[in-house]
Amino acid sequence: MLQKTACFLVIGNEILSGRTQDANTRVLARALNAQGIRLLEVRVIPDIPDRIINTVNECRKAFDIVFTSGGIGPTHDDITADCIARAFGVPLVRHEESYQAMEAVMGREKFNAARQRMADLPEGATPILSALSAAPGFTIGNVHVMAGVPSIFASMVEWLVPQFEKSAPLASASWHAAGLKEGDFAEDLRLLQTRFPTIDLGSYPYQLSDGTKGVALVAKGYDAETVRTADTALHDLIMAHGKEPMKGEADLDRAV
């Protein structure tokens, strides 16, 4: 079975300005890898209606699945829901079940007009639920719109992603070696990549806090048997360059 392809749109001026660091891409990528869905592209776009609308329409045609984060809160710059509705050519409508759930959690006095707006979804959309918030994300077509707050985003991902059809998960194998240098084996790694065109081979230099430097070699792909074969080849490549292969990547907890 072919892996479905996905794109992730991170929406928010605060990401582009550097005020806020994106923490959601890694969470989504890991969940999709486990489900056998290939995240092919991540874009960060501003809170500008035309940019959001045009990007959503472009990506929902180019990818099997589109995810977004950010811009579905109660403030004036939370415009994602409205933009998604415009991208699909439908109005925003009150989702009564979400409205009632939010009112029950917040209480009538605190459930003001700004918060009530979070229960307005594009017509035809279905809610994405979170264990941490009564305010929903939503799905319309192949677009899945989630909160930007990392804890709520992660909760929505945990609820949503397992509902997709599962394919072969991403398999990986890695070796690392102290004293290994990329310039010494670059040509050998290129030749290995031609032997294994259906998976990705990568090299990642590291430096540990004790001053040890080296390189990790990693094979990743959705064909587990090919990854296992490449695993042996990476081990042998390190040996051929006179270094001691150590299974896995370097202890990144000690990395600088």
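Naming follows an unreviewed UniProt entry, where the chain appears as Putative competence-damage protein of Gluconobacter morbifer G707.

A.B. asks: How should the environment of A224 be read in this particular structure?
C.D. replies: You can see A224 is positioned in helix α9 (residues 224–240). The partly exposed category is assigned to A224, whose relative accessible area is 36%. Sequence-wise, A224 and P169 are 55 residues apart; in three dimensions their C-alpha atoms are separated by 8.6 Å.

A.B. asks: Teacher, can you tell me more about the domain arrangement of the chain here?
C.D. replies: How big an interface is tends to be expressed through the accessible area that disappears when the partners come together. Considered domain by domain, the chain is made up of domain 1 (5–163) and domain 2 (171–247). A separation of 37 Å is found between the C-alpha centroids of domain 1 and domain 2.

A.B. asks: Could you clarify how one ought to interpret the nonpolar core in this entry?
C.D. replies: Soluble, globular proteins show a tendency: their nonpolar side chains are buried together. By size, the foremost hydrophobic cluster in this structure holds 41 residues, and its most contacted members are L28, F67, F138 and M146. Where this core is concerned, the elements lending two or more residues are β1 (5–11), α2 (24–35), α3 (49–62), β3 (65–69), α4 (80–88), β7 (137–140), β8 (143–146) and α7 (150–160). It is β1 that provides the largest number of residues to this core, a total of six residues. Leaving out residues up to four positions away in the same chain, F67 has contacts with A6, C7, F8, L9, L28, L32, H144, M146, L160 and F164. Formed by 20 residues, the second largest nonpolar core is a distinct cluster that contains L180, L192, V215 and A230.

A.B. asks: What is the right way to look at the sheet that holds strand β2 (residues 38–45) in this model?
C.D. replies: To summarise the sheet geometry, strands pair through backbone hydrogen bonds and adopt either a parallel or an antiparallel arrangement. Taken in spatial order, the six strands make up an open sheet running β2-β1-β3-β8-β7-β6, and their pairing is mixed. For this open sheet the edge positions go to β2 and β6 (126–128), each flanked by a neighbour on one side alone. Here the average twist between neighbouring strands, direction ignored, is 20°. Of the pairings in the sheet, the one linking β7 to β8 comprises three bridges and is antiparallel in character. Opposite F138, over in β8, you have V145 as the bridge partner. Against the sheet, α2 touches β1, β2 and β3, its axis set at about 165° to β1. Sheet strands in contact with α3 are β1, β2, β3 and β8, and its direction is about 170° off that of β2.

A.B. asks: Looking at this model, I keep getting lost on the sheet that holds strand β10 (residues 200–207). Mind explaining?
C.D. replies: Judged by pairing direction, the sheet is antiparallel, and its four strands sit side by side in the order β10-β11-β9-β12 without closing on themselves. Every interior strand has two partners, whereas the edge strands, β10 and β12 (246–247), have only one. Both strand β9 (residues 171–178) and strand β11 (residues 213–221) contribute to a ladder of eight bridges, which runs antiparallel. Looking at β11, one finds that W175 is bridged to L217. α9 rests against β9, β10, β11 and β12 of the sheet, and its axis sits at about 5° to β9.

The rules behind these values
Counting restarts for each chain, with residues numbered from 1 along the sequence as it is written. For this predicted model, a pLDDT threshold of at least 70 governs which residues receive local features, and a threshold of 80 or more governs which side-chain atom pairs are given and counted, while totals over whole chains, interfaces and linings are taken from all residues. To get the side-chain values, take all heavy atoms of the structure and skip hydrogens and water. Labels follow the DSSP assignment, with helices taken as runs of H or I lasting at least four residues and strands as runs of E lasting at least two, numbered in each case from the N terminus. Here's how the labels work: a residue is buried when its accessible area is under 20% of the maximum for its type, exposed when over 50%, partly exposed in between, all with a 1.4 Å probe on protein chains only. All the domain ranges listed were derived from an automatic or database domain assignment. Here the nonpolar core consists of buried residues drawn from Ala, Val, Leu, Ile, Met, Phe, Trp, Tyr and Cys, with membership extended through side-chain atoms lying within 4.5 Å. Residues count as neighbours in contact if any of their non-hydrogen atoms are within 4.5 Å of one another. One bridge is not enough; two strands pair if DSSP finds at least two bridges between them. Each axis is a line fitted through C-alpha atoms, and for a helix only the stretch in contact is used; angles between axes span 0 to 180 degrees, taken between their N-to-C directions.

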